[in-house]
Amino acid sequence: MKSGMIRVVQQSLLGSILSNMLLVLGSAFFSGGIVHSNKEQVFNKANAEINTGLLLVAVMGLLFPAVLHFTRTELHFGKSELALSRFSSCVMLVGYVAFICFQLIGQRNVSVTDESEADGSSDDKEAPKITKWESIIWLFILTASISFLSEYLVNAIEGASVALNIPVAFISVILLPIVGNAAEHASAVMFAIKDELDMSLGVAVGSSTQISMFGIPFCVVYGWVLGHPMDLNFQLFETATLFMTVLVVAFMLQEGTSNYFKGLMLLFCYLIVAASYFVHIDPESIRESLPLSPYTGRMIACELFWK
C-alpha cells in the first residue's frame, strides 16, 4: 500500500480468501475423507453457519461498491464509491468485534459446561508444547520477518510477471496465497486426518472470515489514514469469483458433514478459479505497474483493441 499498488493488496487479500475456502478446505475434506473412508466426518454446523453468514456480509460489502461503479449510478462520481467503502469498512470492523465477543462468551459457556460434565474424569487433551509467552514471542518474530520480506516481494511481482509471462493478477491471487497459506494448509489437513474437522474449519473458513471482515476493512481504513484511496471495489470479475466461492462453500457446509467427494469438488472449483485468473487481464493492475514493461504494454494494447 505504501508503494501505491492498491490492486496487489486487494488481489492478495482476495486470493487468501479463495485459497483458504477452496484449496485448504478442499484438501482437508479430501484427506480426512480418504483416511476415514469407513465413516462420514461431522463438524459443528452452527459455527460453520455463523462463519458463512459473515462471509456473505463481507460479499455484500464488496458487491455494492463494485455495482455502484460499473452501473455509474454514483451520486457524486468518484467520491460516493469511496465514501461507501469507508462506511461499510467501519461497519464490518464493528461486526467482526461483535463476532469475537460472541465467540468468546460462547466458548466460555461451553468450557464451563464441559468442566462440569467431565468433573472427576481423566483429561485426554494433549499438553501444550510451548507456553503462552513463547507463542507470543514467536508470533512477534515471525510477523516482523514477514513485514521485512514483504517489501522485496512487492518489488519482485512485476519482474516475475515479465519473466514468467503470466498476468500479475494470477501471481497475486493464486501463487502468492498458495505459498503464504502453506502452514494453514498443512495444519488443516493434519487436523482432518485426526478427525478434528472443527479445527480444520477454524483454520480454513475462520481465516477467510478474519480476512474478509477484518483484514480488508482494516486496509481500507489504514489507506484512509495514509491518504491512499483504497476502496471495496474489487472489480466485477473478482467480486463475482468471491460471491460464487462463498455460495459453493455454504452449500458444502450446510449438512454439517464432509467426505472426500466434497473435498474433491472444492479442489476442482479452485482449479477453475486458477485457470480463470490465468487468462484474466486486469487493466487496473497494468496501470499501477511502473515502469511500463513490454508485457504490460502488450496487455494495454489488447485492452484498447477489445474496447
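Rules behind the numbers
- Residues numbered from 1 in each chain as written.
- Predicted model: local features only at pLDDT ≥ 70, side-chain atom pairs only at ≥ 80, totals over all residues.
- Heavy atoms only, no water.
- Salt bridge = Lys/Arg side-chain N within 4 Å of Asp/Glu carboxyl O.
- Helix = DSSP H or I, 4+ residues; strand = E, 2+ residues; numbered from the N terminus.
- Buried < 20%, exposed > 50% of the residue type's maximum accessible area, 1.4 Å probe, protein only.
- Expected span 1.5 Å × (residues − 1).
- Bend = angle between axes of the 7 residues up to and from the residue.
- pLDDT = per-residue confidence, 0-100.
- Contact = heavy atoms within 4.5 Å.

Details of the pattern of salt bridges
Okay, so step 1: The full count for this structure, using the stated rule, is three salt bridges.
Okay, so step 2: A salt bridge links Glu238 to Arg7; its shortest N-O distance comes to 2.9 Å. Highlighted residues: Glu238 in helix 8 (residues 235–253) and Arg7 in helix 1 (residues 6–35), separated in sequence by 231 residues. For the pair shown, Glu238 and Arg7 are each scored as buried.
Okay, so step 3: Linking Asp195 and Lys39 is a salt bridge whose minimum nitrogen-to-oxygen distance equals 2.5 Å. On the criterion of sequence distance, the pair formed by Asp195 in the loop between helix 6 (182–193) and helix 7 (197–226) and Lys39 in the loop between helix 1 and strand 1 (41–42) is long-range, its members being 156 residues apart.
Okay, so step 4: Under the relative-accessibility criterion, Asp195 is labelled partly exposed at 26%.
Okay, so step 5: Given the relative accessible area of 43%, Lys39 is considered partly exposed.

Re helix 7
Okay, so step 1: Given a rise of 1.5 Å per residue, 30 residues ought to cover 44 Å, and the 40 Å separating the end C-alpha atoms of helix 7 matches this to within 8%.
Okay, so step 2: Along helix 7, the helix axis deviates most sharply at Ile211, where the bend reaches about 35 degrees.

Considering the confidence of the model for the protein
Okay, so step 1: Model confidence for the protein is summarised by a mean pLDDT of 81, while 81% of its residues fall at 70 or above.
Okay, so step 2: Across the protein, element-level confidence peaks in helix 9 (residues 260–278) with a mean pLDDT of 93 and bottoms out in helix 11 (residues 294–306) with 43.
Okay, so step 3: When the criterion is pLDDT under 50, residues 290–307 qualifies, and its contacts beyond four places in sequence or with other chains add up to 20 contacts.

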